[in-house]
Amino acid sequence: MESAKMRPAAMATKSEYRRMELEPEEELDVEEWARRAEAQRRRRRSGGRYVFTCALFASLNAVLLGYDVGVMSGAIIYIQKDLHITEFQEEILVGCLSVVSLLGSLSGGRTSDAIGRKWTMALGAIVFQTGAAIMTFAPSFTVLMIGRLLAGVGIGFGAMISAVYIAEISPAAARGTLTSLPEICINLGILLGYVSNYAFSGLSEHINWRIMLGVGILPSIFIGFALFVIPESPRWLMMEKRVPEARAVLLQISESEDEVEERLAEIEEAASLLKSTKSEDKAVWMELLNPSPAVRRMLYAGCGIQMFQQITGIDATVYYSPTIFRDAGIKSDQELLAATVAVGFTKTVFILVAIFLIDKVGRKPLLYVSTIGMTICLFVLGIALTLQKHAMGLISPRIGIDLAVFAVCGNVAFFSIGMGPICWVLSSEIFPLRLRAQASALGQVGGRVSSGLVSMSFLSMARIISVAGMFFVFAAISTVSVAFVYFCVPETKGKTLEQIEIMFEGGKEWRRGEVELEDTQHLIQSSKKPVSVG
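Cut-off values and rules
- Residues numbered from 1 in each chain as written.
- Predicted model: local features only at pLDDT ≥ 70, side-chain atom pairs only at ≥ 80, totals over all residues.
- Heavy atoms only, no water.
- Helix = DSSP H or I, 4+ residues; strand = E, 2+ residues; numbered from the N terminus.
- Buried < 20%, exposed > 50% of the residue type's maximum accessible area, 1.4 Å probe, protein only.
- Contact = heavy atoms within 4.5 Å.
- Areas by Shrake-Rupley, 256 points an atom, 1.4 Å probe, with all protein chains shown as cover.
- Polar contact = N/O pair within 3.5 Å; in protein donor to acceptor, adjacent residues only side chain to side chain.
- Phe/Tyr/Trp six-rings, centres within 6.5 Å; stacked < 30°, edge-to-face > 60°.
- pLDDT = per-residue confidence, 0-100.
- Axes fitted to C-alpha atoms, helices over the stretch in contact; angles between N-to-C directions.
- Left-handed = near helix turned anticlockwise from the far one by under 90°.
- Nonpolar A, V, L, I, M, F, W, Y, C, P; charged D, E, K, R; others polar.
- Patch = residues over 30% accessible without salt bridge, like charges linked within 9 Å, V, L, I, M, F, W, Y side chains within 5 Å.
- Salt bridge = Lys/Arg side-chain N within 4 Å of Asp/Glu carboxyl O.

Peer 1: I'd like a description of the overall build of the protein, backed by residues and values.
Peer 2: A tally of helices and strands in the protein yields 24 helices and zero strands. Put simply, the protein has 534 residues, and 57% of those count as buried. Within the protein, counting contacts between residues at least 6 apart in sequence, those at least 24 apart form 81% of the total. If you sum the accessible surface of the protein, you get close to 21600 Å²; carbon and sulfur atoms cover 67% of it.

What follows is the structure, given as structure tokens:
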């Protein structure tokens with residue numbers, strides 16, 4: 001009965017609420033209206049700052065992933081010299097983290113539904129700390145691999161759930177920006193890893209790589225402090241029928257009490273929709289394995305974007321940037337690491353550009369710019385490396401090196417503008433509440449497996465077809481990703497999570513990304529119809 005009273009609020013748009021609140025009533029004098037308007041503006045600013053703080057703290061998990069990716073690219077040079085590992089062991093050490101992190105992603109979805117989003121992030125940080133400590137003091141390759149595996153599981157936990165948490169606490173107008181924060185933190189972590197490589201490279205080969213890896217424990221300590229600041233996800237609290245706690249959280253992150261009631265009604269409607277259909281009786285994983293047309297479209301978009309993010313070669317570019325630059329003609333370790341710092345700086349700067357544009361320009365335009373730009377840069381990098389190997393007389397070695405560095409920096413810049421952050425945004429916002437944690441975990445599995453396969457095969461394949469040949473392959477795959485964006489990715493800018501679910505239900509109209517109020521009313525009315533048992 002109570003939810004029925006709340007449904008009209010869910011049908012109203014936020015702009016209607018704001019208009020009703022800001023229009024002065026005849027019985028109110030001008031001063032009283034101005035006082036109320038100012039109080040509402042203060043509350044809006046306070047709520048926006050609080051949401052941003054929560055999203056930023058939740059994103060610290062992504063620093064762990066970024067730091068590991070960045071630091072391993074340089075640390076592997078000295079691990080190879082100190083522990084005398086083979087090229088095959090190097091590939092396994094570098095690539096296994098991506099594959100193993102899928103274990104954390106898979107178990108993270110179920111764990112977050114059981115203990116909450118917040119404490120799942122805490123569990124991931126603890127597991128990562130344990131793995132990082134083992135790697136720091138590893139006396140052999142075997143012990144180093146044990147630590148690496150634990151770190152991968154911890155990263156899988158944190159990376160999967162942080163984007164889900166941020167999507168569930170963010171208002172629709174700012175969700176793209178806030179859900180992109182993990183990608184910023186990944187890039188910041190990569191840059192810190194590169195800087196750590198350069199800073200400690202002058203130490204002895206037995207010590208420097210251990211300090212490089214050990215510094216990665218520090219971000220996870222800050223995550224522990226962050227847990228005392230951020231609240232639990234209101235959507236998870238509603239799933240657990242802890243309505244007063246969910247309301248209290250929404251009061252902190254919403255602009256008005258009317259908006260709180262509206263969002264509560266939307267969440268309640270989304271959480272209870274399947275109770276009136278036969279599909280509610282199926283387990284979540286059974287629904288994902290036997291999806292409806294709408295869920296299938298969601299899986300294509302969410303899992304596909306995760307896979308294309310990795311099979312276009314971004315992790316290979318970051319992990320093996322010293323190998324790429326050595327192939328381009330750079331000789332000394334110091335120069336190699338200095339060039340990787342330039343790559344990390346470029347990657348971090350351009351993710352900031354994406355943050356300012358993602359909720360203004362939209363997801364698809366940025367994805368088009370990103371995928372087309374990556375394709376061009378990967379092709380140019382392949383040409384530059386080919387000329388350095390087979391046409392030394394046509395260009396000077398310095399020009400070849402500069403062109404290779406420019407192409408790598410351009411590739412990571414275009415990646416950071418679109419494919420990097422929007423992958424996180426889409427995979428956390430397009431799935432309905434009942435499937436969000438598990439489906440996001442499934443997407444992470446595809447992404448992590450793709451990353452691991454690319455990372456663990458890069459050196460071996462490069463030996464067969466050359467480093468330049470590998471980047472021609474990545475350029476071809478990136479070309480396919482442009483078509484994927486056109487056919488499989490809808491525009492979700494400015495829509496609530498519940499409206500996005502309705503959009504995917506819209507059959508052939510889903511790609512337009514348009515959701516009308518009548519669609520919402522139709523879905524709500526259809527959810528009220530009794531289910532036939534005959």
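Read on for the rest.
Peer 1: Describe in detail the side chain of threonine 375, supporting the description with residues and values.
Peer 2: Along the chain, the position of threonine 375 falls in helix α20 (residues 363-390). The exposure class assigned to threonine 375 is buried, which follows from its relative accessible area of 15%. Of the polar contacts made by the side chain of threonine 375, one reaches the backbone oxygen of threonine 371; its length is 2.8 Å. Non-local contacts of threonine 375, meaning those with residues more than four positions away in its chain, are made with Ala475, Ser478, Thr479 and Val482.

Peer 1: Could you give me a rundown of the packing of aromatic side chains, with the residues and numbers involved?
Peer 2: To describe a pair of aromatic rings, you give the distance between the ring centres and the angle between the ring planes. Considering all chains together, one arrives at seven aromatic pairs under this definition. An aromatic cluster of three or more residues is present, and its members are Tyr320, Phe458, Phe471 and Phe474.

Peer 1: An account of the confidence of the model for the protein is requested, with residue identities and associated values reported.
Peer 2: Scored by pLDDT, the protein has a mean of 78; 81% of the residues are at 70 or more. Confidence, read as mean pLDDT per element, is least for helix α24 (residues 517-528) in the protein (40) and greatest for helix α10 (residues 208-214) (91). Residue range residues 1-27 is modelled with pLDDT below 50. Its contacts to residues more than four positions away, or to other chains, number 36 contacts. Below a pLDDT of 50 lies the segment residues 274-281, which in the model reaches 14 contacts outside its immediate sequence neighbourhood of four places, other chains included.

Peer 1: Which residues make up unusual backbone geometry, and what values go with them?
Peer 2: Positive phi is not limited to glycine here, since lysine 241 has a value of about 60 degrees. With respect to the helices and strands, the residue lysine 241 is situated in the loop between α12 (234-239) and α13 (243-253). When its relative accessible area of 64% is taken as the criterion, lysine 241 is described as exposed. Positive phi outside glycine occurs at serine 466, with the angle close to 80 degrees. Take serine 466: it is sitting in helix α22 (residues 436-488).

Peer 1: An account of the packing of helix α4 (residues 60-83) against helix α9 (residues 181-200) is requested, with residue identities and associated values reported.
Peer 2: The angle between the axes and the distance between the axes are what describe a pair of packed helices. Look at α4 against α9: their axes get within 6 Å of each other, and the N-to-C directions meet at 35 degrees. You can see that α4 and α9 cross each other, and the crossing is right-handed. Residue-level inspection shows Leu60, Ala62, Val63, Leu65, Gly66, Tyr67, Val69, Gly70, Val71, Ser73, Gly74 and Ala75 of α4 in contact with α9, the latter providing Pro182, Cys185, Ile186, Gly189, Ile190, Leu192, Gly193, Tyr194, Ser196 and Asn197. Of the residues belonging to the contact of α4 with α9, the class tally is 14 nonpolar, eight polar and no charged.

Peer 1: Any details on a nonpolar patch on the surface? Residues and values, ideally.
Peer 2: A cluster of nonpolar residues, Phe345, Val349, Phe350, Leu352, Val353, Phe356, Leu357 and Val361, forms a patch on the protein surface that exposes about 670 Å² of accessible area. Within the secondary structure, phenylalanine 345 is located in helix α19 (residues 333-357).

Peer 1: Before we move on, can you summarise the environment of glycine 70 with the specific residues and values?
Peer 2: Within the fold, glycine 70 resides in helix α4. Take glycine 70: its relative accessible area is 0%, and that puts it in the buried class. When the C-alpha positions of glycine 70 and threonine 340 are compared, they lie 8.8 Å apart, and in sequence the two are 270 residues distant. Contact partners of glycine 70, with chain neighbours within four places excluded, come to Ile190, Gly193, Tyr194 and Asn197.

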